[in-house]
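Here's the letter readout for the chains.
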Amino acid sequence: MSARYGMVIDLDRCTGCGSCMIACAADNNVPVLPKATARTGLTPLLVRKVSNALEGTARREAFIPIMCMHCEHETPCVTVCPQQAVEVDKATGIVMQMPQRCLGCRYCMTACPYHARYFNWWDPAWPAGMEKSLNPGVAVRMRGVVEKCNMCHARLHSAQEKAAALGKREIDPADYVPACVEACPTAAIRFGNLADKNDPVSQEAHSPNAFRFLARLGTEPKLYYKSSEAWVRALAESASGPVPENKSSEKKLAEVQHG
Amino acid sequence: MKVTRRDLLFWSAGAAAGLIVSPVPWKVLDDTSIWSQNWPWIPQPARGPVDVKQSSCTLCPNGCSVRVRMAAGWPVGISGVATNPISRGALCPLGFGAHQLNWHPQRLRTVRHGLSTSTWDAARAAFAKACSEGPVMVVDGYPGRAASHVLETFAQKHGGQYRVIVGPETRALAPYETMSGVPASALGYDLEHPQTIVSFGAPLLDGWGAPGRFTRLWADRAASSTDPQLRLIQVDPTLSRTAARAWQWIPVKAGSEAALAAGVARVLLEERLVPARGPMPPMTLAEAAAQTGLTTDSIRDLARTIAARTPAVAIANDDNPSIAALNVILGAVGTRGGIVRRSKAAKPYISADAPLPSLRAVLIDSSVPWDFTPQTDAEIFRFAAWDGGPTDGGPRNGAASNASSKPADWLLPAPGFLEELTDVPTAPALPVETYAVAVNLVKSPHQTHSTAGFVNSIDPALPTTETIIHTRCADLFREHSGTLHAQETTPVAKLASAQKLEEQLWKGAVWVGSELAEPHRSANFRCELKEWPTAAASSRSENWLAAWPAPVLPPLAAKLYQDSSLREPPARRNS
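Cut-offs applied
Along every chain, residues carry numbers that run from 1 in the direction the sequence is written. To read the labels, note that chains go from A and ligands from 1, taken in the order they are written. Note on the predicted model: pLDDT of at least 70 is required for a residue's local features to be given, and 80 or more for side-chain atom pairs to be given and counted; whole-chain, interface and lining totals, by contrast, use all residues. Any pair of residues counts as being in contact when their C-beta atoms, constructed from backbone geometry, are within 7 Å of one another. Where helices and strands are cited, they refer to DSSP runs of H or I of at least four residues and of E of at least two residues respectively, numbered from the N terminus. Three classes are used: nonpolar for Ala, Val, Leu, Ile, Met, Phe, Trp, Tyr, Cys and Pro, charged for Asp, Glu, Lys and Arg, and polar for all others, with Gly counted as polar. Strand pairing requires that DSSP identify at least two bridges connecting the strands. An axis is simply a line fitted to the C-alpha atoms; with a helix, the fit covers only the stretch in contact. Between two such axes, the angle follows the N-to-C directions and lies from 0 to 180 degrees. Once C-beta atoms are placed from the backbone, each residue is buried if 20 or more other C-beta atoms lie within 10 Å of its own, exposed if 12 or fewer, and partly exposed for counts between those two. Delimitation of the domains relies on an automatic or database domain assignment. For a helix, the expected span equals 1.5 Å multiplied by the residue count minus one.

### Some details on the interface of chain B and chain A
Consideration 1: Each partner contributes to the interface: chain B provides 57 residues, whereas chain A provides 52 residues.
Consideration 2: Put simply, the parts of the chain that give the side of chain B that touches chain A at least two residues each are helix H2 (24-37), strand E3 (74-80), helix H7 (211-221), helix H8 (241-245) and helix H17 (555-564) of chain B.
Consideration 3: A breakdown of the residues in the side of chain B that touches chain A according to their chemical character gives 33 nonpolar, 16 polar and eight charged.

So, in structure tokens, the structure goes:
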């Protein structure tokens, strides 16, 4: 039976500590490039701070971890890739990025409505000796390819190998937990099989406060968010998804509120 | 056979068409991509068997249990350990990149004397000479370890002083030491039981205490609910991360926390909202309102809200005596859900921020935060794993500035992350006693020495860290109390020998004196509040970065915080 792995991120629990970002980057051998900026760096998972644009005691802030949404239907990056370097894995539902096939045309980056893809502008490099701290389960990506969150595919491989060694066809769910989920100190990020109705994450994805960013596009993202605050849920349908608080979230929110 | 121009064109076109429908160009393209990933200058992960070990993080005194994935003898991944009952599998954000710190470009690799490089022998000779010429002071930023015992014994033996630098959690408990005589290092917060927590600027969700303890508790009992089991009220001048997630945010003018505490206490006493009696604060409600920028009605509402759900406890971010006095009025001292005494054995420390006597030399342990610079003309020997660059020369905690202060005369390279065998005593502000051992999983690629090892080499008669750890394990076994938390939880009384206990601790287990659900409370912990204390300004909120003692950040953390605009790293810390 094929799984549909997905996440539910409870924004009421997110304190914006950034553990998920750092654990993700460390586990996936993301290089630290001095030349990279916020626009040109690699950040498979980025925590954005947003606000309700009000002042004083009425002001509210929230933190939104943004990564690949693993769209299920008409996946924009898959549709535009001329190299078949992106595909939705039939067995898991994970949108896979294969750097070996990528030509670096960046069509997928343009097509992605969530801005969750990043381009390797430089050869990966680390300070002298720091390459010894790289995760041996994840290959280092070369210059000139696009990359993104692949739900810690190396961890899925490990779980599959472990299951195979035990003569099992199905993995133990406890063996496959992405780094961000493992790192979250408040258990705000939960991971599970959305195709399994008995999975708590699947049930949570259908709770009243759950929502998906840009759901109107019909791409059926497998990342769900939850918030008890209406203004946070309103951001989900803003013109270009969540944007950082220090850029134009106020403007986007005003657009939503005033049509 | 004559080959015409037409034949040549036909042949070329056929070859081109054949090549296109063949897999060759696609294979070449694919292989080129793979080759280009394997250029010799592209770093490759270390090959070798992957091993998983367990230890404790020693980058700050919270001592969270860490699960370390090792490949080819080097740590390649860090995660939390769920069996630790305190950290409960959580780590601070910086812990996840800590294994990169040992390769940080600012890693201290050689002994430095002034602006030139020197040798360990020269440093030893200089320090031994200083010890023979006059009093020395040893400064420790992580008291209670076996290494701390070595340093204290050395200071006492050589007629010197042993002083400590403690974090904001312990500093906030100092007023209770004044009122009760019980050392602040023996006190902790029983946060597992209050129904209301009023934080006066303490970043409870952003780097206060052991990372997993309060964040997990808050997530279980307070998050995602408009009427939570635990009401977190954050008093903060700005909408901090804790304030953003709190049940209620009380914005006050910066430095007016003491006035708010006095105002709340006055309402509690006037309206008899609490059973305890105490001295009425001299400040009127109107004065408190004027100082805090709140209305008198909002202070009354706050007091009634606190009294409505008890046990309630107030947590300060610094040694603000007014907030300690509020806790006495609330009945939150020495009781369930308040401030409890966890140990009878702890002793008071002298802060390194206190005025210094005339000294010949100062020895600073690597656990001391980089921005601490003693206000003295003595020769300074500073151990550090990373060079934090020039400091601003200013002292901590708002003491008078001294332009002549200097980071160090001698900079001595100390072991980095997981490079030193040490023990992990109870973390600050915990209501229960804990003990763990952090084994040196990694061999330092540089010639480093710990501060304790350095003084051991000068005075070989002193006990070593290893022997003290051995003795402490034997003492724990002899007491036959507490439990050992590893994959399974085992009462110490059921262990066969002290050696078994020590073996488990070396493998990453954690000893806990009593369960968090039932922290030890001593009846003789009582605070006398004879008069309302003089108001003192609280310091600003601190957070993960401010609480981080190393002068550098893990490179990934620095990069990602910059890219996400999530945090502004302090200027003194470089990526």
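Next, the rest of the story.
### Considerations on the sheet that holds strand E18 (residues 434-438) of chain B
Residue and element names in this part refer to chain B.
Consideration 1: The antiparallel open sheet is built from five strands, whose spatial order is E17-E18-E21-E19-E20. At either margin of the open sheet sits one strand with a lone partner, and together these are strand E17 (422-424) and strand E20 (489-491). The average undirected angle you get between the axes of adjacent strands in this sheet is 25°.

### Focus: the environment of B:Trp218
All names here are of chain B.
Consideration 1: For Trp 218, the position within the fold is in helix H7.
Consideration 2: For Trp 218, a count of 25 C-beta atoms within 10 Å puts it in the buried group.
Consideration 3: With sequence-adjacent residues up to four places away left out, Trp 218 is seen in contact with Leu 205, Ala 223, Leu 230 and Leu 232.

### Examining the sheet that holds strand E1 (residues 50-56) of chain B
Residues and elements named next belong to chain B.
Consideration 1: Read from one edge to the other, the open sheet built from three strands follows the order E1-E2-E3, with strand pairing classed as antiparallel. Because the sheet does not close on itself, it has two edges, and the strands there are E1 and E3. Sheet twist, expressed as the mean angle between neighbouring strand axes with direction ignored, is 30°.

### Considerations on the domain arrangement of chain B
Consideration 1: Taken domain by domain, chain B holds domain 1 (5-37), domain 2 (45-163 + 350-425 + 434-513 + 545-575) and domain 3 (169-343 + 523-542).
Consideration 2: Each of domain 1 of chain B and domain 3 of chain B has a C-alpha centre, and these two points are 76 Å apart.

### Structural notes on helix H3 (residues 120-133) of chain B
Consideration 1: With 14 residues, H3(B) extends 20 Å between its outermost C-alpha atoms, agreeing within 8% with the 20 Å of an ideal straight helix rising 1.5 Å per residue.
Consideration 2: Buried residues in H3(B) make contact with strand E6 (136-140), strand E14 (361-364), strand E15 (379-384) and helix H13 (451-458) of chain B.

### Description of unusual backbone geometry
Consideration 1: Look at the link from B:Thr310 to B:Pro311: it is a cis peptide, with omega at 5°.
Consideration 2: The residue B:Pro311 is located in the loop between helix H11 (296-308) and strand E12 (312-316) in this model.
Consideration 3: Positive phi, normally seen in glycine, also occurs at A:Gln84, with a value near 55°.
Consideration 4: Assignment of secondary structure puts A:Gln84 in the loop between helix H2 (76-80) and strand E4 (86-88).
Consideration 5: Look at A:Gln84 and you get exposed, because 9 C-beta atoms sit within 10 Å.
Consideration 6: Positive phi, normally seen in glycine, also occurs at A:Arg106, with a value near 70°.

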